[in-house]
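Residues per chain, in single letters:
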Amino acid sequence: MTDMPALPQGNGCRDVPVLKQRGQHEVFCGLTGIIWLHRKMQDAFFLVVGSRTCAHLLQSAAGVMIFAEPRFGTAILEEKDLAGLADANEELDREVERLLSRRSDIKQLFLVGSCPSEVIKLDLERAAERLSEKYFGKTQVLNYSGSGIETTFTQGEDACLASIVPAMPKTTERQLLVVGALPDVVEDQALKLLGDLGIETVRVLPSRTADEIAGVGPNTVFALTQPFLGDAAGALERRGARHIAAPFPFGEEGTTAWLAAIAREFGVDQDLFETVTAAPRARARKAIARSHEVLQNKRIFFFPDSQLEVPLARFLTRECGMEAVEVGTPFLHKGLVGPDLEMLATGPQISEGQDVDQQLDRAIAAQPDLTVCGLGLANPLEARGLTTKWAIELVFTPVHFYEQAGDLAELFTRPLRRRAMLAEHPSHINGPEISSGEREGAKRPSLGALA
Ligand code: SF4
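Residues numbered from 1 in each chain as written. Predicted model: local features only at pLDDT ≥ 70, side-chain atom pairs only at ≥ 80, totals over all residues.

**Here's the deal with the overall build of the protein**
Each helix and strand in the protein was counted, giving 19 helices and 14 strands. Against the compact-globule benchmark of 22 Å for 451 residues, the protein has a radius of gyration of 22 Å, which places it among compact chains. If you line up the protein on its principal axes, its C-alpha atoms span 60 × 60 × 45 Å. Expressed as a percentage of the 451 residues in the protein, the buried residues total 49%. At a minimum sequence separation of 6, the contacts of the protein that also span at least 24 residues come to 77%. (Helix = DSSP H or I, 4+ residues; strand = E, 2+ residues; numbered from the N terminus. Rg over C-alpha atoms; globule rule 2.2 N^0.38 Å. Buried ≥ 20, exposed ≤ 12 C-beta atoms within 10 Å, placed from the backbone. Contact = placed C-beta atoms within 7 Å.)

**Side note on the site of the ligand**
Neighbouring the ligand are the residues Cys 29, Leu 31, Gly 50, Ser 51, Thr 53, Cys 54, Leu 57, Ser 114, Cys 115, Gly 146, Ser 147 and Gly 148. Element by element, the count of residues in the shell around the ligand is highest for helix H2 (residues 52–62), at three residues. The residue makeup of the shell around the ligand, split by class, is five nonpolar, seven polar and no charged. (Near = placed C-beta within 6 Å. Nonpolar A, V, L, I, M, F, W, Y, C, P; charged D, E, K, R; others polar.)

**Structural notes on the nonpolar core**
Phe 46, Leu 47, Val 49, Phe 110, Leu 111, Val 112 and Val 179 are the most contacted members of the largest nonpolar core, which totals 128 residues. The element contributing the most residues to this core is strand S2 (residues 44–50), with six residues. In this structure Val 179 touches Leu 161, Leu 205, Phe 222, Ala 223, Leu 224, Thr 225, Leu 229 and Ala 232, once residues within four positions along its chain are discounted. (Core = buried A, V, L, I, M, F, W, Y, C linked by C-beta atoms within 7 Å.)

**Comments concerning the packing of helix H10 (residues 251–265) against helix H11 (residues 270–295)**
In contact at an axis separation of 9 Å, H10 and H11 are set at 160° when each is read in the N-to-C sense. The pairing of H10 with H11 is recorded here as roughly antiparallel in orientation. H10 and H11 meet at a crossing whose hand is right-handed. Residues Gly 251, Glu 252, Thr 255, Thr 256, Leu 259, Ala 260 and Ala 263 of H10 touch H11, and the partners they reach there are Phe 273, Thr 277, Arg 281, Ala 284, Arg 285 and Ile 288. Of the residues belonging to the contact of H10 with H11, the class tally is six nonpolar, four polar and three charged. (Axes fitted to C-alpha atoms, helices over the stretch in contact; angles between N-to-C directions. Parallel < 35°, antiparallel > 145°, perpendicular 65-115°, else oblique. Left-handed = near helix turned anticlockwise from the far one by under 90°.)

**Here's the deal with the confidence of the model for the protein**
Summing up the model confidence of the protein, the mean pLDDT is 90 and the portion of residues at 70 or higher is 91%. Every residue in residues 430–451 is under pLDDT 50, and counting partners more than four places away or in other chains gives 38 contacts. (pLDDT = per-residue confidence, 0-100.)

**Digging into helix H7 (residues 155–164)**
Here H7 lies mainly inside the structure; 10 of its 10 residues are buried. Where H7 is concerned, the buried positions are Gln 155, Gly 156, Glu 157, Asp 158, Ala 159, Cys 160, Leu 161, Ala 162, Ser 163 and Ile 164. On the buried face of H7, the contacting elements are helix H1 (33–40), strand S4 (108–113), strand S5 (140–145), strand S6 (175–179), strand S7 (202–205) and helix H9 (230–238).

**Remarks on the sheet that holds strand S12 (residues 349–354)**
Spatially, six strands are ordered S1-S12-S11-S10-S13-S14 in an open sheet, and the strand pairing comes out parallel. Lying at the two open borders of the sheet, with one neighbouring strand each, are strand S1 (18–22) and strand S14 (388–390). Here the average twist between neighbouring strands, direction ignored, is 20°. Two strands pair when backbone bridges link them, and S1 and S12 are joined in this way by five bridges, in the parallel orientation. Among the inter-strand pairings, Gln 21 is bridged to a residue of S12, identified as Gly 353. Packing of helix H14 (residues 356–366) onto the sheet brings it into contact with S1, strand S10 (299–302), strand S11 (323–329), S12 and strand S13 (370–373), and relative to S11 it is tilted by some 175°. Contacts from helix H15 (residues 375–383) reach S13 and S14, with the element oriented near 165° to S14. (Pairing = 2+ DSSP bridges.)

**So, the pairing of S10**
As defined by bridge partners, S10 adjoins S11 across four bridges and the pair is classed as parallel. Looking across to S11, one finds that Arg 299 is bridged to Glu 323. Where the polypeptide runs from S10 across helix H12 (residues 309–318) and back to S11, its parallel neighbour, the crossover connection is right-handed. Here three bridges tie S10 to S13, and the two strands are oriented parallel to one another. Considered in S13, the bridge of Ile 300 is made with Leu 370. (Right-handed = clockwise from strand over helix to strand, strands pointing away.)

**Looking at unusual backbone geometry**
A cis amide bond links Leu 205 with the next residue in sequence, Pro 206, at an omega value of 5°. Counting through the fold element by element, Pro 206 comes out in the loop between S7 and strand S8 (220–224). We note that Gln 307 has phi near 70°; this positive angle belongs to a residue other than glycine. Within the element layout of this structure, Gln 307 appears in the loop between S10 and H12. Here Gln 367, not a glycine, exhibits a phi torsion of approximately 50°, which is positive. Among the structural elements, Gln 367 can be located in the loop between H14 and S13. Taking the C-beta count within 10 Å as the criterion, Gln 367 has 13 such neighbours and is therefore assigned partly exposed.

This is how it looks when you write it as structure tokens:
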């Protein structure tokens, strides 16, 4: 087993100076979230109101099979819509009518805004209200923005979940709400652990079907499974629910701390906690240890992208022996990642936002062993000799809780192993410049199949 380093003295990185930058930044838009949300919510349909670019993004990212009945689509705004020559609302109503008349399985319809719909100021909130009334009792119509203007790709899920909260029924029941769209198998593992701890009423957001939607009220406490759900958390608090602050459930230590915070809230006996968690903790530590040799003492640099950067830096430094050089994140929400920051020893530069040229200069000067970044930066960095990891893979791959802890560590070893192999056999470098993600991606199913 790997011994965990002691907790840092004081508040770790919680109160260290943060480098805040606002300049040109490289991001991916929130429509991306539809790829994993549509698989999670089995009777929902995501109708993007956007351009052909939006449609292409979704089609290519999700790899839709030709015979499948997809549960997302794009109502394409044509030039006459963009020029204000046609009533986009009328056309939208017609598209929704056409869709719902042939798809009675759709119980929740999300109208998803995009850059073009926002530019022409198409009011999708009003449209959702109008259509909800029209299809009352059959299909609930909600709306959120997946626009790429000033957002990161994980904000799509946050906006989607926040849009569901006002539609949740009121309840006064004492309950735990687990918030975040996890793969079903991972969600089931978490629910089993919580059930074994004796926590009786546990609900999830988002639910798998509209019928299973949770209630919310003053006796609801909620735990987030993803650090990018700030808007959803705010919406739940406005409905009277209370957030259980905790490190995020990545790795053995993070999962134990997450469960312990919930256990304290529900007065779970310490002996029961030890009994329930002992075996999976041991399994997780053993699985992580398999990657230790590769990751130990390697220096890692995070560009801001997925908003998972702070909890992952905590996991990789404390449980895998890595050294963080810079931990960049698009937004630093201390109300959510504060507990992870406290467990992260001082040393790395914590940065929020981006001025991409300056950050590239810092990364190249630092020469980290591994750089976690968005798709657009991977190739240029690889061309400069840096080894990269696509941040987006961390959202498409099951990485939460004990049973996935080994896989999470393993994800970071692959580019390092590949680099070491290429150093041993330099003749393999010949050929076009391909990023680490693309090389790894050749062995993987499409992103959609992983969601
Ligand atoms: S960035 Fe904007 S225009 Fe491009 S795909 Fe995303 S929503 Fe559509």
